[in-house]
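Here is how the chains run, residue by residue.
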Amino acid sequence: MRKIFFAASLLLLANNIHAQDLNYYLPDSVTYNPAIPKPKEIIYHEVGEWHVTHDRLVNYMKAIAAAAPDRVAIETMGLTYENRPQVLLIITSKKNHSRLEAIRREHLQLCDPAKSASLNINDMPIVVYIGHSIHGNEPSGANASLLSAYYLAAAQGKQIDELLHNVVILLDPSFNPDGLQRFATWANQHKSKNLVTDPASREFNEVWPGGRFNHYWFDLNRDWLPAVHIESQNRLKYFYAWKPNILTDHHEQGSNASFFFQPGVPSRVNPLTPEKANELTEKFAKFHARFLDRIGSLYFTKENYDDFYYGKGSTFPDINGGIGILFEQASSRGHARETSNGILRFAFTIRNQFVTALSTLEGAKIMRKEFLEYQRDFYRQSANPVVHKGYVFGDKNDQAKTFHFIQMLQRHQVIVNEMGDGLKESEFEKETAYTVSLNQPQQVLIKAIFDKQLVYKDSLFYDITSWTMPLAFGLPYKEITVTAGAMGKKLDSVSFQKGEVAGGKSGYAYLFEWAGLYAPRALYELQSAGLVTKVATNKSEAMTSNGFHKFGYGAILIPVKMQSKSGDEVYKLIQSAAANNGLKIYAIQTGMVNSGSDLGSSKFISLDKPAVAMLVGAGVGPTDAGELWHLLDQRMNIPATHLEITIFNRTDLSKYNTIIMVSGNYTGLNKEKLKTWVQGGGTLVLEEEAIQWAAENGISTVSFKKAKNAADSLKRLTYVDKEQIDGAQQIPGAIFGADADLSHPLAYGYNQKTISLFKANKVFMEKSKNPYAMPFAYGDKSLQSGWLSKQNLDAIKNSAAVVVNTLGSGRVINIDSNPNFRAFWLGSMKLMMNAVFFGQIIDPGSASIQ
């Protein structure tokens, strides 16, 4: 018994030493330069002893760059929302540093088919981007970057010299600085001197929303392609400045797992990814296996994870001539945690991440020429002169959406042209439409942005199954045959088009259309300035300085004489709103119209300024809530109160006229208080599963369809098939076209009858018995792009996408999808803003009655 106790004591001591001793991590096959500071000298603790905070992580990277300038340069890519620096270390040999810009430019020529054929790659370094912890609460990667930086700066001998001669390393210590700081603070403040390993302990159970996300509670590992967020935009500038051959993405997974590295599930690779990329990934995996075998770590390689959605860091390089490698380490979450495999220590998780960073560099060095040749061939094949296909796109009613779409394309180095005189497409106008040819180096990426997909090899997916960007942006687009006349002038850059006041100052009224993306922002700006505003519930043809103009449903009226401000003050506010929001606001001199409703008609209804609260906290979907917050705060400049459920239950709700509940579980919410608030005239907006909660609690009148069970019709199933059959009944995310009633307040501003909605849930609403209560509905063939099972497809057919019901004097707006999905679904954001601004004016007779 004493021997067993003594052995256990030695094991515990060894684990504690490992958390505080670099020898646990570092290879002993090289010597280390004593002039290079070890992590503890800068961050004040050993690697793995505490969770490194982002500020200390940056301090160490700066210290490394200062101590080893011959090998390491540091650059600040930009700042996060919380003004934390995103730093990048560029690590290579002294000789390479002396001609670093020349190396970079030469490397980029591999992506230029006109220049790549003549390049000599025999001595060309390979470029490897090593990225860490895009999910802030998966910290082993960021903590491992301390070791990688030290090793690459301090190691000495032939082995490291050969590596640095052949490889340019871009070391990104933290993809998500704000999330990492949040999580490190949490883990450290709950650490005990005597480590507590019970998973129930507070150290392992973060408060909502947790450290996974950025400031706006977004998953940045879904943002590489849309690049909505500042962190992604900063990073992409450096990605495209270097076009790395390999990018590693260091993550964590469930604590009871082992370690994962790609290739992943073969049947779930996006068909746009070249087969050669899959072969290289498979071959590259052997280096990781060998290095992990050496230290006795278990791993798996072809289960659970896939390479389908190009918005992820490990998949995005696949459409840019490189390969991405996903690493998933079982997470200790804190400092030491009980798992089904024993106690998992933070130091162990860090070591696996560091070892696979080394295996990546070793593989890159040995396979250097293969990767360089692959990159050259990828772009040579992409720019095919016999390809005469392309796309035309543009919204003549909303140039702001078009601007953001072009901005996204140009971030990815896509060549965009004006629409040429020779292209005759009736739905597009030359002044507001643009073209993209597939005959350019970024051909594969362009297809990833524009293509629809309805055929799949597999029925299980780690993430969404479709993201067709023009549909997401709500942009009219069409595939075209590219001819010389179809392509106009190349766009060098794009800028946001400022608006104007057509007709100058008016002493009577101003009108503007609701179609513009930023019309809600302009309206809120004017309301906040104290102006009386009205909305048109009928069409009008009003006289402007340039003749009659037809205004659609939802046009906003600002009558001058009803204001408490002078005409000059009103004009200045109108000018500012037009310029800042890209709107054309018309000066109107008479209330009499040529057709439709006169400006003094009751069809123009006065609007209240929105006072918005959104429910947040435990049980609420953090990303859904973050997407709403981002929409209101970043895009529309509308403040919204974040109400935790416990605060909701004791706060005065009379200060709000709109409450929004995104997908989530609202157990503990005072339903009677919410019901009373709605009955008193409030507008309640429900998304996705929040509708089911409201229906169960007598707030929503919606009834639901249910998808058939896939197993019901099968006589007998094997045990091993259960995962596949059950998984296939999930809806990871697909695009559906909903038919809109353009005269309904919730559809104001839309000019297309079919609105593309993103749906990733199994909330199937029955159509209302009131024909006016469902302004958006699905038809027989609503699937536009993406995968879902036959059972779910049958359930969504002829169901309602949006249902409005009354409750007392209030309105309940039920939206079965997420109209703000990942902040790039601009096409359905209008629906949410209409609910916020116009929910109050919906005729109660047009809604389902409680």
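Use the structure listed above.
Residues numbered from 1 in each chain as written. Predicted model: local features only at pLDDT ≥ 70, side-chain atom pairs only at ≥ 80, totals over all residues. Heavy atoms only, no water.

Q: Which parts of the structure should I look at to understand the sheet that holds strand β22 (residues 556–559)?
A: Strand pairs in the sheet, formed through backbone hydrogen bonds, run parallel or antiparallel to each other. One open sheet accounts for 6 strands, arranged β17-β23-β18-β22-β19-β25; its pairing is mixed. Strands with a single pairing partner mark the edges of an open sheet, and in this sheet they are β17 (500–502) and β25 (604–606). Along the sheet, successive strands turn relative to each other by an average axial angle of 30°, direction set aside. Taken together, the 4 bridges between strand β18 (residues 509–512) and β22 define a ladder with antiparallel strand orientation. Looking at β22, one finds that Tyr510 is bridged to Ile558. Sitting on the sheet, helix α17 (residues 519–528) is in contact with β18 and β22, with an inclination near 155° to β18. (Pairing = 2+ DSSP bridges. Helix = DSSP H or I, 4+ residues; strand = E, 2+ residues; numbered from the N terminus. Axes fitted to C-alpha atoms, helices over the stretch in contact; angles between N-to-C directions. Contact = heavy atoms within 4.5 Å.)

Q: Is there a simple way to explain the pattern of salt bridges in this structure?
A: Side-chain pairing between opposite charges can occur once the charged atoms of the two side chains come close. For the structure shown, the criterion picks out 24 salt bridges. Note that Arg212 is salt-bridged to Glu138, the shortest N-O span being 3.3 Å. Of this pair, Arg212 sits in the loop between α9 (177–189) and α10 (230–242) while Glu138 sits in the loop between β4 (126–132) and α7 (140–154), and the two are 74 residues apart along the sequence. Under the relative-accessibility criterion, Glu138 is labelled buried at 3%. (Salt bridge = Lys/Arg side-chain N within 4 Å of Asp/Glu carboxyl O. Buried < 20%, exposed > 50% of the residue type's maximum accessible area, 1.4 Å probe, protein only.)

Q: Explain α7 to me, please; I cannot follow it from the model alone.
A: Because each turn of an α-helix spans 3.6 residues, side chains separated by three or four positions in sequence point in the same direction. Helix length check: α7 (15 residues) gives 21 Å between terminal C-alpha atoms against 21 Å at 1.5 Å per residue, within 8%. Most of α7 sits inside the fold, with 15 of its 15 residues counted as buried. (Expected span 1.5 Å × (residues − 1).)

Q: How do you make sense of the sheet that holds strand β16 (residues 487–490) when you look at a structure like this?
A: Judged by pairing direction, the sheet is antiparallel, and its 5 strands sit side by side in the order β15-β12-β14-β13-β16 without closing on themselves. One side of each edge strand has no neighbouring strand; the edge strands of this open sheet are β15 (477–481) and β16. The mean angle between the axes of side-by-side strands here comes to 35°, regardless of whether they run parallel or antiparallel. Alignment of strand β12 (residues 389–393) against strand β14 (residues 434–437), held across 4 bridges, turns out to be antiparallel. Within the sheet, the bridge partner assigned to Val392 lies in β14 and is Thr435. Relative to the sheet, helix α14 (residues 399–411) contacts β12 and β14, its axis offset from that of β12 by approximately 145°.

Q: What is the right way to look at the side chain of Asn792 in this model?
A: Summarising the element assignment, Asn792 is placed in helix α24 (residues 790–796). Within polar-contact distance, the side chain of Asn792 engages the side chain of Ser789 at 3.2 Å. Excluding its chain neighbours within four sequence positions, the residues that come into contact with Asn792 are Ala707, Gln729, Gln730, Ile731, Lys762 and Phe764. (Polar contact = N/O pair within 3.5 Å; in protein donor to acceptor, adjacent residues only side chain to side chain.)

Q: Can you help me understand helix α18 (residues 567–581) in this one?
A: The first and last C-alpha atoms of α18 sit 21 Å apart over 15 residues, in line with the 21 Å expected at 1.5 Å per residue. Every buried residue belonging to α18 is among Val570, Tyr571, Ile574, Ala577, Ala578 and Asn581, and all of these are buried. One side of α18 holds all its buried residues, which, seen down the axis, span an arc of 130°. Directly beyond the C-terminal end of α18, a positive phi value near 65° is found at Gly582. (Arc of directions from axis to C-beta.)

Q: Hey, could you run me through the nonpolar core in this one?
A: Within the largest apolar cluster, 242 residues are counted, with the highest numbers of intra-cluster contacts made by Phe393 and Phe776. A total of 10 residues in this core trace back to one element, the largest contributor, which is α7. Ala502, Phe551, Leu557 and Tyr586 belong to the second largest nonpolar core, which has 13 residues in total. (Core = buried A, V, L, I, M, F, W, Y, C linked by side-chain atoms within 4.5 Å.)

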